[in-house]
Amino acid sequence: MKKLILIVALLALTAACTDRAGRVVGGFPADSIYTWENIRQYILEEPDHAFAMVDTAETVGAVDANFANWMRAQIHLAKDTKDDIGKARDYCMKVLDSQNPVADSLQRVKTYQLLVIMDSKSPETYQDAISYAIEGARISHENGWTGEEAMFYFTAGETMEKVQAGSGTEYMDRSLDLFRKSRNPQALPMFSSYLGNVARLAIEHEDYARAEQLTQERAQVVDRLEKEYTTAPTGYVDQQRAYVYSILAYCQYQLGDKAAARSSAQAFESTKSASLPEHQKDILTYYILSGDAQNVNRICAVLEPYYRENKDTISTQYANLLMNYAEGLDKTGRGHEAYSQLLRYTVLSDSLVQRERRSETLQYAQQMKMQEKELQLKDEEAKTRLQRVMLVGAVIIILLVLWLLWRSYKYNKVLAAKNRELFAEVQQREQAETEERASRFARNDLTATQKLYLRICQLMEKDKPFTNAELSREELAQQLGTNYKYVADAIRECSDGMTITDFLNHYRLGYAAQLLATTDDAVTLIADLAGFNNRSYFNRLFRERYKLTPSEYRKVAKEKTYQ
């Protein structure tokens, strides 16, 4: 698998070294030895030499910084260690973040290709791979690079399938549609490969009809490959046909078309690649399914030593091969050989079970340790987060309190200034009323009514009968030695239409204002002393007259006193 990934990476490098017009990306002089073609020769065997050549190429100006970093990322990716993958990613990010010079669209697309190759390897980075692939597809679409767009979409779909089955189908189908519209022969190998991958995925989901349809389409693409892809390596088309026929045989048998399946199997056997082990693995599934013990035995006899030569004998795949081999031998009357293979299968199966158990135990222990560490980290993070939240909350509360205090201070300051203005206006108004009344009744030709009014005012100022909350108009008239009707007429005529009650309340309010300004008695007591037996009634009348509450009036009056 590692070797396959490196080959894919190198193919991406080769594709990336030319732009859409066929020119060398990076600006290599025609006679320079520091070309990507030369540097690429050292990637696997002498990476340090390759790094040195890239450094020199950048120093002498043969390539710009972005192309140099892109090449460095390629070299680290080819080394394929965890540390090198991290360095490769860092160099890719330098290209994407570069401002001097700014990476062009082609450089960004090729850089995204590298990031997708890196991040599609591990579940921890699947989401990053998907994001990079979609961004690469977007840039490719904007520039009309159909092949690159299709590759990005397919990779995104494949990676999404690893995360959740069925989630990547839309992107994979979009990729295939782009290849169907393309008439570029160079895209046919990739198109054929993608059709095969989607067909295998459909088989995993037991959608054999779709798998057959895609494989039939792949057969047509292989026909085009033979005619149009003139640079195909020797035997390449034959291998493609072998893949097609082995998958077709399996799907057709699953769909009940046994005749077509036999025909596809015969077509597979007629290819030159039919003898290659990697192809025989595919056709073996058909022979097992169809119960063709003779061919099962024939292929198992070839694959069994192939597995041993490749040191792949401790695997579930090899165990299944031995089981199938034993069943095929038994069906053909070779019981002794079948027993031998079955015994090997049993021993290997037990070994795999033990290894799996040990692996599960080890994995469980590792998971427990990881969970403990995660819980510790989460606990520490929670504590840190709580401390931060509490600190931020305390700061916010302090700021809010300060703001409220400042607002309260500003409000009280404005309110105090307003109250002082109202107090001054009320004092001036009452002073003017007092002076006007004095001048009006200072004449010698007063009428009987006016004289009675003066007597009423003098009684109020001297004896303060208004302080009696129960004072009636009859009692007031009795104190004046007259009839209450005359009292009412005199007050109404000489005080702008006041009633007896209004007149008494006028004196009561004035007396209350005097007590507020000169004493520290409670407002409730002052209201009672002034002749009011209802606090809310007193407050309402006081505010109507003085435009201030009793408390506000007291505060302003005392300020004036101390000034």
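A short tour of the structure in this document, coming up. (Residues numbered from 1 in each chain as written. Predicted model: local features only at pLDDT ≥ 70, side-chain atom pairs only at ≥ 80, totals over all residues. Heavy atoms only, no water.)

## As for the overall build of the chain
- Within the chain one finds 24 helices and zero strands.
- For the chain, with 563 residues in total, the buried portion stands at 40%.
- Partitioning the intrachain contacts of the chain with sequence separation of at least 6 by distance along the chain shows that 58% fall at a separation of at least 24.
- With the model as given, the accessible surface of the chain reaches about 32400 Å², and the carbon-plus-sulfur share is 52%. (Helix = DSSP H or I, 4+ residues; strand = E, 2+ residues; numbered from the N terminus. Buried < 20%, exposed > 50% of the residue type's maximum accessible area, 1.4 Å probe, protein only. Contact = heavy atoms within 4.5 Å. Areas by Shrake-Rupley, 256 points an atom, 1.4 Å probe, with all protein chains shown as cover.)

## Things to note about unusual backbone geometry
- Cis rather than trans, the peptide bond between Asn100 and Pro101 has omega equal to -5°.
- Its place among the elements puts Pro101 in the loop between helix H5 (82–97) and helix H6 (105–119).
- Not every positive phi belongs to a glycine, and Lys464 is a case in point at roughly 50°.
- Position of Lys464 among the secondary structure elements: in the loop between helix H18 (448–463) and helix H19 (473–480).
- Judged by its relative accessible area of 28%, Lys464 falls in the partly exposed class.
- With a phi angle near 60°, Asp496 is a residue other than glycine that sits in the positive phi range.
- Here Asp496 lies in the loop between helix H20 (484–494) and helix H21 (500–518).

## A closer look at the layout of surface pockets
- Taken as a whole, the second largest pocket spans an internal volume of roughly 1000 Å³.
- Lining the second largest pocket are 33 residues; nearest its centre among them are Glu430, Glu433, Arg437, His506 and Arg545.
- When residues of the lining of the second largest pocket are traced back to their parent elements, those giving at least two are helix H17 (335–440), H18, H21 and helix H23 (535–546).
- Top contributing element to the lining of the second largest pocket by residue count: H21, with 10 residues. (1 Å grid on protein atoms, 1.4 Å probe; cavity = no way out; pocket = protein on both sides within 12 Å on 5 of 7 lines; lining within 4 Å. Points joined across faces, edges and corners; volume = space filled by probe spheres on them.)

## Section: a nonpolar patch on the surface
- Taken together, Leu391, Val395, Ile397, Ile398, Leu399, Val401, Leu402 and Leu405 make up a surface patch of nonpolar side chains, about 770 Å² in accessible area.
- Of note, Leu405 is situated in helix H17. (Patch = residues over 30% accessible without salt bridge, like charges linked within 9 Å, V, L, I, M, F, W, Y side chains within 5 Å. Salt bridge = Lys/Arg side-chain N within 4 Å of Asp/Glu carboxyl O.)

## Remarks on the pattern of salt bridges
- Following the criterion strictly, the structure yields 24 salt bridges and no others.
- The shortest N-O distance in the salt bridge between Asp119 and Arg89 comes to 2.3 Å. Remark: Arg89 occurs in helix H5 and Asp119 occurs in helix H6; sequence separation between them is 30 residues.
- Exposure remark for Arg89: the relative accessible area of 22% places this residue in the partly exposed category.

## Notes on empty space enclosed by the protein
- Scanning the model with the defined rule gives two cavities of 30 Å³ or more in all.
- Considered as a void within the structure, the second largest cavity measures approximately 30 Å³ in volume.
- Of all elements in the fold, only helix H10 (188–204) and helix H11 (208–228) reach the threshold of two or more residues within the lining of the second largest cavity.
- The greatest single-element share of the lining of the second largest cavity, amounting to four residues, is contributed by H10.
- Looking at the lining of the second largest cavity, its residues break down into three nonpolar, two polar and two charged. (Nonpolar A, V, L, I, M, F, W, Y, C, P; charged D, E, K, R; others polar.)

## What about the packing of aromatic side chains?
- Under the criterion given, the structure shown has 20 aromatic pairs.
- Centre to centre, the rings of Tyr112 and Tyr132 are 5.9 Å apart; their planes meet at 35°, and the pair counts as tilted. Note that Tyr112 is positioned in helix H6 and Tyr132 in helix H7 (residues 126–143), a separation of 20 residues in sequence. Note on accessibility: Tyr112 and Tyr132 belong to one class, buried.
- Centre to centre, the rings of Tyr453 and Phe503 are 5.9 Å apart; their planes meet at 65°, and the pair counts as edge-to-face. Taken as a pair, Tyr453 in helix H18 and Phe503 in helix H21 lie far apart in primary sequence, 50 residues in all.
- Phe503 sits in the buried class, given a relative accessible area of 2%.
- Three or more aromatic residues joined by ring pairs make a cluster, and in this case those are Phe532, Tyr537, Phe538, Phe542, Tyr546 and Tyr553.
- For the cation-ring pair, Arg174 lies above Tyr153, with the distance from its terminal atom to the ring centre recorded as 4.7 Å. (Phe/Tyr/Trp six-rings, centres within 6.5 Å; stacked < 30°, edge-to-face > 60°. Lys NZ or Arg CZ within 6 Å of the ring centre and 35° of its normal.)

## With respect to the side chain of Gln252
- For Gln252, the position within the fold is in helix H12 (residues 236–254).
- Judged by its relative accessible area of 5%, Gln252 falls in the buried class.
- At 2.7 Å, the side chain of Gln252 forms a polar contact with the side chain of Ser264.
- Non-local contacts of Gln252, meaning those with residues more than four positions away in its chain, are made with Glu212, Gln216, Asp257, Ala260, Ala261 and Ser264. (Polar contact = N/O pair within 3.5 Å; in protein donor to acceptor, adjacent residues only side chain to side chain.)

## Regarding the packing of H12 against helix H13 (residues 258–269)
- Two numbers describe how H12 lies on H13: the axes approach to 8 Å, and their chain directions differ by 160°. Relative to H13, H12 is oriented roughly antiparallel. As H12 runs across H13, the sense of the crossing is left-handed. Contacts between H12 and H13 involve Ala242, Tyr245, Ser246, Leu248, Ala249, Gln252 and Tyr253 on the former and, on the latter, Lys258, Ala260, Ala261, Ser264, Ala265, Ala267 and Phe268.
- Split into classes, the residues belonging to the contact of H12 with H13 amount to 10 nonpolar, three polar and one charged. (Axes fitted to C-alpha atoms, helices over the stretch in contact; angles between N-to-C directions. Parallel < 35°, antiparallel > 145°, perpendicular 65-115°, else oblique. Left-handed = near helix turned anticlockwise from the far one by under 90°.)

## Brief notes about the packing of H7 against helix H8 (residues 146–163)
- Contact geometry of H7 with H8 gives a least axis separation of 8 Å together with a crossing angle of 160°. Overall, the two elements H7 and H8 adopt an arrangement that is roughly antiparallel. Between H7 and H8 lies a crossing of left-handed hand. Judged by residue contacts, Tyr126, Gln127, Ala129, Ile130, Ala133, Ile134, Gly136, Ala137, Ser140 and His141 of H7 engage Glu148, Glu149, Phe152, Tyr153, Ala156, Thr159, Met160, Lys162 and Val163 from H8.
- Split into classes, the residues belonging to the contact of H7 with H8 amount to 11 nonpolar, five polar and three charged.

## Some points on the side chain of Ser246
- Looking at where Ser246 falls in the secondary structure, it is placed in helix H12.
- A relative accessible area of 1% places Ser246 in the buried class.
- Contact partners of Ser246, with chain neighbours within four places excluded, come to Phe268, Asp282 and Ile283.

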